[in-house]
Number of protein chains: 2
Amino acid sequence: MDSINFTFYSNSVSDSEIILQDQEASHASQVLRKKVGDYIHVIDGVGGLYSCQISSIQKKEINCSILHSSFYENSERLILAIAPTKNRDRLEWMIEKLVEIGVKQIILLETKNTVRTKTNLTRIEKKVLSAVKQSLRYHIPEVKEMGFKEALALEASYKWIAHCEDGEKSKQMESGTKDQLVLIGPEGDFTHEEIELAKSAGFQPLDLGEFRLRTETAAVVTAARAL
Amino acid sequence: MDSINFTFYSNSVSDSEIILQDQEASHASQVLRKKVGDYIHVIDGVGGLYSCQISSIQKKEINCSILHSSFYENSERLILAIAPTKNRDRLEWMIEKLVEIGVKQIILLETKNTVRTKTNLTRIEKKVLSAVKQSLRYHIPEVKEMGFKEALALEASYKWIAHCEDGEKSKQMESGTKDQLVLIGPEGDFTHEEIELAKSAGFQPLDLGEFRLRTETAAVVTAARAL
């Protein structure tokens, strides 16, 4: 059996067969030189882990027979809505760490003080998948883009806003099995109006310490505190 | 007055004067083109922040008159003893994040499963200083190298060991004003013997979640949870 260290991804899964497509297929055949008969592991991104044997190889498609499958529950509960800087390195670093530490969903938040540039969501999703494989996880956190007011309408058992204004804040995050949603502001912080809107929508101010953190660091600190 | 965003460092501080030396001096005069009469901010690494005016410039030494001084208490209580991988990028990333989130002291730990290569402590100290300046902090965390048994003899009000074996572990870290010491193992984990020795020396097992983290990530997660 192949070492579980390199895992493939596919969402084309039937009872007995998995199909690797596009980049997964070309990486398997052209970079890793996989052959018919080779054994590989494949995740479906929603908790399934499949031990497979390659049955046929085409350029953009590889067919695999499923020999054995396991299913893992998603224990992640944290939904992070972040207004990140547009520095690509910092964003990619943050995604790696969030996946490694554990997150259920990542929302890229648009706020008043967010610098407005086009987000390459496909690139970000690739980074998430790569981080999931590296961290040997079985669930791919969904990534979405959202405006601030839309984020305020999201459902979660516990809702927090990490802002830099003075005022009462809670240090303790909830532990347990219920979803937690945390809003993390941009370098220029949320506006006073956004903070008040969030509080009216049931978001509690969250204390991330006395020193101001970079947005990406605040996200990783939040994921660590939610463990 | 100069923006506080770029701060110099010196430990040559008298009542009325500060002397910038070596790299701090050459960076000030040759890179930033500071002149006699310019105003700069200097930290002493132990809580002091000095507003100064440059009085004379030599190649490797700059004399500054102190106009105003402030003193900041060190609120950091976390002593992290880590057995890191020798990947320099990961180590430098970890140091940046630890300084930003907050740490009192960093100990580079030698354990049974640590890969033994020469550590460039001077280079690491430079990285720490640079991270302190970037994070606008006033205290430079000390960096030391230490063997495992020597680390077990360190004093702290609360002592933890983050290991990957099964067993009872505490999720909650102490908050408050007393020192906490945390031992974080290498990628190969602490040996069973090391864990037992630590427990005998009063170290409690610390739970960093159900998924195994890279050593550097575990260090940053610990600092975040100690906030």
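Heads up: the structure comes first, above all this text.
Residues numbered from 1 in each chain as written. Chains lettered and ligands numbered in written order. Predicted model: local features only at pLDDT ≥ 70, side-chain atom pairs only at ≥ 80, totals over all residues. Heavy atoms only, no water.

A. Seen up close, the overall build of chain A. If you tally the helices and strands in chain A, you get six helices and 11 strands. Taken along the three principal axes of its C-alpha coordinates, chain A extends 65 × 35 × 30 Å. In chain A, the proportion of contacts linking residues at least 24 apart, taken out of those at least 6 apart, comes to 69%. Just so you have it, chain A exposes about 11,200 Å², and 46% of that area is on carbon and sulfur atoms. Charge-centre separation for chain A: the mean point of 29 positive side chains lies 4 Å from the mean point of 33 negative side chains. (Helix = DSSP H or I, 4+ residues; strand = E, 2+ residues; numbered from the N terminus. Contact = heavy atoms within 4.5 Å. Areas by Shrake-Rupley, 256 points an atom, 1.4 Å probe, with all protein chains shown as cover. Lys, Arg positive; Asp, Glu negative; His and termini not counted. Charge placed at Lys NZ, Arg CZ, Asp CG, Glu CD.)

B. Geometry of the interface of chain A and chain B. Between chain A and chain B, the contact holds 22 residues from the first and 23 residues from the second. Carbon and sulfur atoms supply 52% of the area that chain A and chain B bury against each other, a total of about 2,100 Å² over both sides. Summed over the shared surface of chain A and chain B, the number is two salt bridges. The shortest N-O distance in the salt bridge between Arg214 of chain B and Glu100 of chain A comes to 2.8 Å. Summed over the shared surface of chain A and chain B, the result is 16 residue pairs in polar contact (both at pLDDT 80 or more). Of all the secondary structure elements, the ones that give two or more residues to the side of chain A that touches chain B are helix H2 (88–101) and helix H6 (215–225) of chain A. With five residues, the top contributor of residues to the side of chain A that touches chain B is H6 of chain A. Looking at the side of chain A that touches chain B residue by residue, the class counts come to nine nonpolar, five polar and eight charged. (Buried area = accessible area lost by both parts, 1.4 Å probe. Salt bridge = Lys/Arg side-chain N within 4 Å of Asp/Glu carboxyl O. Polar contact = N/O pair within 3.5 Å; in protein donor to acceptor, adjacent residues only side chain to side chain. Nonpolar A, V, L, I, M, F, W, Y, C, P; charged D, E, K, R; others polar.)

C. Representation of the packing of aromatic side chains within the structure. The tally for this structure, following the rule as stated, stands at five aromatic pairs over all chains. Seen in terms of ring centroids, Trp93 of chain A and Trp93 of chain B are 5.6 Å apart; in terms of plane orientation they differ by 55°. Their pairing is tilted. On the criterion of chain membership, the pair formed by Trp93 of chain A in helix H2 and Trp93 of chain B in helix H2 (residues 88–101) is interchain, its members lying in two chains. Assigned by exposure class, Trp93 of chain A and Trp93 of chain B land together as buried. With centroids separated by 5.6 Å and ring planes inclined at 50°, the aromatic side chains of Phe148 of chain B and Phe190 of chain B adopt a geometry described as tilted. With Phe148 of chain B in helix H4 (residues 148–152) and Phe190 of chain B in the loop between strand S10 (180–184) and helix H5 (192–200), this residue pair connects regions lying 42 residues apart in the sequence. Accessibility expressed as a relative area gives 6% for Phe148 of chain B, which makes it buried. What makes Phe190 of chain B buried here is its relative accessible area of 3%. Above the plane of the ring of Phe211 of chain B lies Arg137 of chain A, whose end atom (NZ or CZ) is 3.5 Å from the centre. (Phe/Tyr/Trp six-rings, centres within 6.5 Å; stacked < 30°, edge-to-face > 60°. Buried < 20%, exposed > 50% of the residue type's maximum accessible area, 1.4 Å probe, protein only. Lys NZ or Arg CZ within 6 Å of the ring centre and 35° of its normal.)

D. Broad picture of the sheet that holds strand S5 (residues 61–71) of chain A. Residue and element names in this part refer to chain A. Strands sit in the order S1-S3-S4-S5-S2 across an open sheet of five strands; the sheet is mixed. On the outer flanks of this sheet lie strand S1 (7–9) and strand S2 (17–21), each paired with one strand and no other. Pairwise comparison of adjacent strand axes, ignoring direction, gives a mean angle of 45° for this sheet. Of the pairings in the sheet, the one linking strand S3 (residues 39–43) to strand S4 (residues 48–57) comprises five bridges and is antiparallel in character. Note on S4: the bridge partner recorded for Val42 is Tyr50. Of the strands in this sheet, S1, S2, S4 and S5 touch helix H1 (residues 22–31), which is tilted by about 90° from S2. (Pairing = 2+ DSSP bridges. Axes fitted to C-alpha atoms, helices over the stretch in contact; angles between N-to-C directions.)

E. Structural view of the sheet that holds strand S3 (residues 39–43) of chain B. All names here are of chain B. In space, the five strands of this open sheet follow the order S1-S3-S4-S5-S2, with mixed pairing throughout. Strands with a single pairing partner mark the edges of an open sheet, and in this sheet they are strand S1 (7–9) and strand S2 (17–21). Adjacent strand axes in the sheet meet at a mean angle of 45°, parallel and antiparallel pairs treated alike. Bridging between strand S4 (residues 48–57) and strand S5 (residues 61–71) involves nine bridges; their strand directions are antiparallel. By the bridge assignment, Ile57 is partnered in S5 with Ile62. On top of the sheet, helix H1 (residues 22–31) reaches S1, S2, S4 and S5; it is set at about 90° to S2, its chief contact.

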